[in-house]
Amino acid sequence: MMTMTQMETTVHYDNGYDEYQYMNQEDEWDRDNLLDPAWEQQQRKTFTAWCNSHLRKAGTQIENIEEDFRNGLKLMLLLEVISGERLPKPDRGKMRFHKIANVNKALEYITSKGVKLVSIGAEEIVDGNVKMTLGMIWTIILRFAIQDINVEETSAKEGLLLWCQRKTAPYRNVNVQNFHVSWKDGLAFCALIHRHRPDLLDYSKLNKDDPLGNLNLAFDIAEKHLDIPKMLDAEDIINTPKPDERAIMTYMSCFYHAFAGAEQAETAANRICKVLGVNQENEKMMEEYERLASELLEWIRRTTPWLENRTPEKTMAEMQQKLEDFRDYRRQHKPPKVQEKCQLEINFNTLQTKLRISNRPAFMPSEGKMVSDIASAWQGLDQAEKGYEEWLLTEIRRLERLDHLAEKFRQKATNHENWASGKELILSQKDYETATLMEIKALLRKHEAFESDLAAHQDRVEQIAAIAQELNELDYHDVAAVNQRCQSICDLWDRLGTLTQKRREALERTDKLLETIDQLFIEFAKRLAPFNNWMEGAMEDLQDMFIVHTIEEVQSLIAAHEQFKATLPEADAERQALLGIHNEVQKISQSYGIKANIVNPYSTLTTEDLIEKWDKVKKLVPQRDGALHEEMARQHANERLRRQFAAQANLIGPWIQIRMEEIGRCSLEIGGTLEDQMTQLKQCEHVIVAYKPNVDKLEGDHQLIQESLVFDNKHTNYTMEHIRVGWELLLTTVARTINEIETQILTRDAKGISQQQMKEFRSSFNHFDRKKNGAMETDDFRACLISMGYDLGEVEFARIMILVDPNGTGNVSFQSFIDFMTRETADTDTADQVVASFRILATDKPYILMEELRRELPPEQAEYCIMRMPPYAVSGAPPGALDYTAFSTALYGESDL
Amino acid sequence: MSSNYSVTLLGPAPWGFRLQGGKDFSMPLTISRLTDGGKAAKGGIGIGDMVLSIDGIATEGMNHLEAQNKIKSCSGNLSLKLQ
């Protein structure tokens, strides 16, 4: 556009007109173009045709342009037709001034339309000035046909040119640059026609080189079909080097008005169509809105009750299904509705905007379908939704809680029922009737444990009841069953409580009774034991095998027995008491129905034992009486025996003693010969032997005593044993002493010990016999030897001891002493003497032969030697040689090796 | 507590001691005399010592003659156990 305008501005017309100056062109017009008669001619034709095209609407025409406008009437008419406005009434006179007046009216009108008319007067027109008239017509054409042309903000001439250019732009061989030569080949005209009415000509068949044809064709079609009378002459245009601009402009303005008008009409029709279309659209939109709104509202109306439905379901599954449905609704059903609503709103807004833009009144939806209605209905829906969702969740929670509670209830109830099952039966047991005290205690403890267990369960029962209560409050669907179960649990609970109490009482009662019985048993046992002991003791005592030896003993036994008999009544009382205890126990257990086997655990003794023993005791008492008296008699008898024995023993004992002393004295005596001693002793012996019968008699008495089992005898210190031993000792002593004397005599004779020596030996012996018991002890002997001048070392003394006391008795007898003394004073060694004797028999040989022994010794002794003598085992000795040296030394127990 | 000891005297006899005692004398077999410088004395035998065994054979129950013969029968060395 801009370029076109620019182009416009640079176009210079050959006639020197400037684009912006044609409003003032009266000035230039004055100077130039009418000099060209061709133009005048053209203009005349064209302007005439143009005026006629308008005047025919008023039913008139002009033939001659400078003549027919002279009176001004057709001029005024023309103006009226062109403008559509009424001019002032023309003067109907024929006079010049009438004509001038009319023409002035016309000119005034033209001026009133903003046209400066310079140097055009009414008189020139009335006078028929062609130049003026054409100029005036041109002014009119300019003003009324061209001035208002407005194409793309380019107006009037430029606008018209622009319009022509625009419309012919698609046609390559048309180049409209001006209103003269561009039109000479006629293609422009055709193009213009073809542009608007392609049906009127076939542009492709047109030829640039046939301008005449083209022009005529265009003029013809325009006249025929476009109602544009021919205003131009084809030949004129061809022949004129530069056709008249104004003529062409005038003709083109008709085209413009025809087409633009058509376009306007089209535009108008379009506008109308558009408006109508908009209207229709709007209406449709309104309808659509209404419809959608209705639907939406209907949907809301349907949906809202569903959302407001608060009918609870029984189970959680059902509720969850509802929730699921709700979710579906939210996820699937509502969104499209949201979208619908949104769409509705959009539509509404769009509609309102469109209406506003197209200057229509705003859309008022029908009653109840207003935006506010929809909004409030939608709000209602939202709230219902929220409320519904809340309700659903609450319900679900509630049902969940209920389910949970119901389950809790079930579990607890089941647990409790399990615990409680069988308890009634157990509590109703009458096991305590046959229980022992220990068992009762155990039962009591068990019961205690049960009681605390029960107490512990109290809580649970309460919990169960609480849950049931809550289920009731929360309106659980199966609350009836719950209540029933709860009730039965509570009932059972009460019963258990009662039974527990009853059982406790029964157990405690039984316990007390059994305790009492137990106490009685304890007492019984406590008393029975010592009593039993007493009885046992008594029985023992009564049966006691007494061994008494004195009358006093028997007497004391009898006394004791009497004492014992005195205690019998007391014992009997105790017995009664014990039996009494037993009876009481029986009474208690009978009267309280204790069916247990009541046995006294504290005592192995029964009342039967008690009774039995007592009877025994009773029996034994007189028995003992008898026994004791018997014994008494016996004791008396024994006493008699004792005295008898004692009398005798007391005689014999001393007699023996005297004899012993006699003998002792005798043996120790130094005065008198051994033979004298012997005689004395023999006499003594005789006496003793004669006394024997006394001893025998005593033995007899003793036997009696022994047979009577008397073992003591206070009447004498002598026992039979004493007497016996003493007697035997006496006998042996006398015999020994006699023997000693005999031996001494032998020794004296053998050793040649004189009487004097004997006396000396005897006095030494007696001196060192410190103890005066007829023997020297080791120390005594040692002292003796020392006194005799023997200076002995221990070894030598030991040797000597061995000799004198070979048996190691520690005592040296008088005989041994004499032997030792005589041996020591002897000259020769008896072993050597024997050896010497054998040597003589062996004729100085160191060995002896068997035949020599047999020859020299008596046969018995010879054989004895032969048997005993070891062989003489030295080289050079003949066989059968016997070692008499070894034999001899062996005889004396001393061998030199 | 007297202790036992063993002695082995190198032969031949005489050994240089006097033996006393025996079952028949109701006396234990003892050494009653030692020859000065004799084999027994040199061997450490003491006067009064009892002969418990001769050549390993216990003297318990032996009479004097038996003991004498036993000692005499030892040609070569004489082993004694004494106390």
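Residues numbered from 1 in each chain as written. Chains lettered and ligands numbered in written order. Predicted model: local features only at pLDDT ≥ 70, side-chain atom pairs only at ≥ 80, totals over all residues. Heavy atoms only, no water.

- As recorded by an unreviewed UniProt entry, chain B carries the name PDZ domain-containing protein and is attributed to Pogonophryne albipinna.

- Going by the annotation in an unreviewed UniProt entry, the name recorded for chain A is Actinin, alpha 2b, with Pogonophryne albipinna given as the source organism.
- UniProt, in its Sequence similarities (unreviewed entry) section for chain A, records the words "Belongs to the alpha-actinin family."
- What UniProt states about chain A under its Subcellular location (unreviewed entry) heading is, verbatim, "Cytoplasm". (UniProt positions renumbered as here; feature names shortened; annotations may be inferred.)

## A short note on the overall build of chain B
No. 1: The secondary structure content of chain B amounts to two helices and six strands.
No. 2: Across chain B, helices and strands are ordered from the amino to the carboxyl terminus as β-β-β-α-β-β-α-β.
No. 3: Burial statistics for chain B: of 83 residues in total, 42% are counted as buried.
No. 4: In chain B, the proportion of contacts linking residues at least 24 apart, taken out of those at least 6 apart, comes to 61%.
No. 5: Entry remark: accessible area of chain B is about 4300 Å², with carbon and sulfur atoms responsible for 52%. (Helix = DSSP H or I, 4+ residues; strand = E, 2+ residues; numbered from the N terminus. Buried < 20%, exposed > 50% of the residue type's maximum accessible area, 1.4 Å probe, protein only. Contact = heavy atoms within 4.5 Å. Areas by Shrake-Rupley, 256 points an atom, 1.4 Å probe, with all protein chains shown as cover.)

## A word on the sheet that holds strand 3 (residues 27–34) of chain B
In sheet architecture, strand pairing relies on hydrogen bonds along the backbone and comes in two forms, parallel and antiparallel.
No. 1: In space, the three strands of this open sheet follow the order 7(A)-2(B)-3(B), with antiparallel pairing throughout. With partners counted over all chains shown, the strands left at the sheet margins are strand 7 (894–896) of chain A together with strand 3 of chain B, one partner each. Looking at each pair of strands side by side, their axes are set apart by 20° on average, direction ignored.
No. 2: Relative to strand 3 of chain B, strand 2 (residues 17–22) of chain B runs antiparallel, the two being bridged by five bridges. Within the sheet, the bridge partner assigned to B:Phe17 lies in strand 3 of chain B and is B:Leu34.
No. 3: Across the sheet, helix 2 (residues 64–73) of chain B lies against strand 7 of chain A together with strand 2 and strand 3 of chain B, angled at about 145° from strand 2 of chain B, the strand it touches most. (Pairing = 2+ DSSP bridges. Axes fitted to C-alpha atoms, helices over the stretch in contact; angles between N-to-C directions.)

## What about the interface of chain B and chain A?
No. 1: Residue-level contacts link 18 residues of chain B with 17 residues of chain A.
No. 2: With both chains or domains summed, chain B and chain A bury close to 1600 Å², and 55% of this area falls on carbon and sulfur atoms.
No. 3: When the buried area of chain B at its contact with chain A is split by residue, B:Arg18, B:Gln20 and B:Leu65 rank highest and sum to 32% of it.
No. 4: Seen at the junction of chain B and chain A, the total is two salt bridges.
No. 5: Here A:Asp883 and B:Lys72 are joined by a salt bridge, their closest N and O atoms 2.3 Å apart.
No. 6: For the pair chain B and chain A, the interface holds seven residue pairs in polar contact (both at pLDDT 80 or more).
No. 7: Looking at the side of chain B that touches chain A, the elements with two or more residues in it are strand 2 and helix 2 of chain B. (Buried area = accessible area lost by both parts, 1.4 Å probe. Salt bridge = Lys/Arg side-chain N within 4 Å of Asp/Glu carboxyl O. Polar contact = N/O pair within 3.5 Å; in protein donor to acceptor, adjacent residues only side chain to side chain.)

## Notes on the sheet that holds strand 4 (residues 51–54) of chain B
Residues and elements named next belong to chain B.
No. 1: Pairing in this open sheet of four strands is antiparallel, and the strands run 1-6-4-5 from one edge to the other. Strand pairing shows two members of the sheet lacking a second neighbour, strand 1 (5–9) and strand 5 (57–58), which therefore form its edges.
No. 2: With five bridges connecting them, strand 1 and strand 6 (residues 78–82) associate as antiparallel partners. Directly across from serine 6, in strand 6, lies its bridge partner lysine 81.

## Here we look at the packing of helix 9 (residues 156–168) of chain A against helix 10 (residues 187–196) of chain A
In helix packing, the relevant descriptors are the interaxial angle and the interaxial distance, both defined with respect to the helix axes.
Residues and elements named next belong to chain A.
No. 1: With their axes 9 Å apart at the nearest point, helix 9 and helix 10 run at an angle of 70° to one another. Classed by the angle they form, the pair helix 9 and helix 10 counts as roughly perpendicular. Two secondary-structure elements touch here, helix 9 through Trp163, Cys164, Arg166, Lys167 and Thr168 and helix 10 through Ala188, Ala191, Leu192, Arg195 and His196.
No. 2: Tallied by class, residues from the contact of helix 9 with helix 10 come to five nonpolar, two polar and three charged. (Parallel < 35°, antiparallel > 145°, perpendicular 65-115°, else oblique. Nonpolar A, V, L, I, M, F, W, Y, C, P; charged D, E, K, R; others polar.)

## What to know about the pairing of strand 4 of chain B
All names here are of chain B.
No. 1: Inspection of the sheet shows strand 4 paired to strand 6 by three bridges, in the antiparallel sense. Bridge pairing in strand 6 links valine 51 to leucine 82.
No. 2: Note: strand 4 against strand 5, two bridges, orientation antiparallel. The residue of strand 5 that forms the bridge with isoleucine 54 is isoleucine 57.

## Some details on the side chain of A:Lys341
No. 1: Residue placement: A:Lys341 occurs in helix 14 (residues 316–357).
No. 2: Look past the residues within four positions of A:Lys341 in its chain and what remains in contact with it is A:Leu296 and A:Trp378.

## A short note on the state of the cysteines
Structurally, a disulfide amounts to a covalent bond that connects the sulfur atoms of two cysteines.
All names here are of chain A.
No. 1: Evaluation of the coordinates by the stated rule reveals zero disulfides over all chains.
No. 2: Of all cysteine sulfurs, the one in cysteine 486 lies closest to cysteine 490, which takes part in no disulfide; the gap is 4.2 Å.
No. 3: Under the relative-accessibility criterion, cysteine 490 is labelled partly exposed at 23%. (Disulfide = S-S within 2.5 Å.)

## Brief notes about the UniProt feature "domain: EF-hand" (unreviewed entry) in chain A
No. 1: In the numbering used here, UniProt assigns the feature "domain: EF-hand" (unreviewed entry) to residues 756–791 and 792–827 of chain A.
No. 2: This span, residues 756–791 of chain A, is 64% helix and 8% strand, and a straight line between its end C-alpha atoms measures 25 Å.

## Focus: the pattern of salt bridges
Residues and elements named next belong to chain A.
No. 1: Tallied over the entire structure, the rule returns 58 salt bridges over all chains.
No. 2: Lysine 369 is the salt-bridge partner of glutamate 290, the closest N and O atoms lying 3.7 Å from each other. Here the residue glutamate 290 occupies a position in helix 13 (residues 245–308), and lysine 369 occupies one in the loop between helix 14 and helix 15 (371–420), the gap between them amounting to 79 residues.
No. 3: Given a relative accessible area of 19%, glutamate 290 falls into the buried group.
No. 4: Notably, a salt bridge pairs arginine 495 with glutamate 424, separated by 2.8 Å at the nearest N-O pair. With arginine 495 in helix 18 (residues 479–543) and glutamate 424 in helix 16 (residues 423–427), this residue pair connects regions lying 71 residues apart in the sequence.
No. 5: Taking relative accessible area as the criterion, arginine 495 reaches 39% and is therefore assigned partly exposed.
No. 6: Overlapping salt bridges, with partners in common, bring together Arg330, Lys334, Asp382 and Glu385 in one network.

## Quick word on the environment of A:Ile149
Residues and elements named next belong to chain A.
No. 1: Within the secondary structure layout, isoleucine 149 lies in the loop between helix 8 (130–146) and strand 1 (150–151).
No. 2: We classify isoleucine 149 as buried; its relative accessible area is 0%.
No. 3: The residues contacting isoleucine 149, other than those within four sequence positions of it, are Thr154, Ser155, Ala156, Gly159, Leu160 and Tyr256.

## Focus on the nonpolar core
Residues and elements named next belong to chain A.
No. 1: In terms of nonpolar packing, the biggest core is built from 83 residues, with Trp50, Ile137, Ile146, Trp183, Phe189, Met252 and Phe255 touching the most fellow members.
No. 2: No other element matches helix 8, which puts 12 residues into this core.
No. 3: Those residues in contact with tryptophan 183 that lie beyond four places of it in its chain are Cys164, Val176, Asn178, Ala188, Phe189, Leu192, Leu215, Ile237, Ile248 and Met252.
No. 4: Counting 53 residues, the second largest nonpolar core, distinct from the first, contains Ala293, Trp419, Ile467 and Cys486. (Core = buried A, V, L, I, M, F, W, Y, C linked by side-chain atoms within 4.5 Å.)

## A short note on helix 6 (residues 96–112) of chain A
Residues and elements named next belong to chain A.
No. 1: Taking 1.5 Å per residue, 17 residues should reach 24 Å; helix 6 reaches 23 Å between its end C-alpha atoms and fits that length.
No. 2: Buried within helix 6 we find His98, Ile100, Asn102, Val103, Lys105, Ala106, Leu107, Tyr109 and Ile110.
No. 3: Residues of helix 6 that are buried in the fold lie against helix 5 (73–83), helix 7 (122–127) and helix 8.
No. 4: Of the residues one or two after helix 6, glycine 114 is the one with positive phi, at around 90°. (Expected span 1.5 Å × (residues − 1).)

## Remarks on the UniProt feature "coiled-coil region" (unreviewed entry) in chain A
Residues and elements named next belong to chain A.
No. 1: In the UniProt entry, the feature "coiled-coil region" (unreviewed entry) is given for residues 275–302 and 440–474.
No. 2: In residues 275–302, helix accounts for 100% and strand for 0%; the two terminal C-alpha atoms are 39 Å from one another.
No. 3: Taken end to end, residues 440–474 is 97% helix and 0% strand, and its two terminal C-alpha atoms sit 49 Å from one another.

## Let's talk about the packing of helix 5 of chain A against helix 6 of chain A
All names here are of chain A.
No. 1: Running from N to C, helix 5 and helix 6 cross one another at 30°; their axes reach a closest spacing of 8 Å. With respect to helix 6, the axis of helix 5 lies roughly parallel. Crossing of helix 5 over helix 6 shows left-handed handedness. Facing helix 5, whose interface residues are Leu73, Leu75, Met76, Leu79 and Ser83, helix 6 presents Asn102, Val103, Lys105, Ala106, Tyr109 and Ile110.
No. 2: Across the contact of helix 5 with helix 6, the residue classes tally to eight nonpolar, two polar and one charged. (Left-handed = near helix turned anticlockwise from the far one by under 90°.)

## Some remarks on the side chain of A:Lys157
No. 1: With respect to the helices, strands and loops of the structure, A:Lys157 is situated in helix 9.
No. 2: At 3.3 Å, the side chain of A:Lys157 and the side chain of A:Glu245 are in polar contact.

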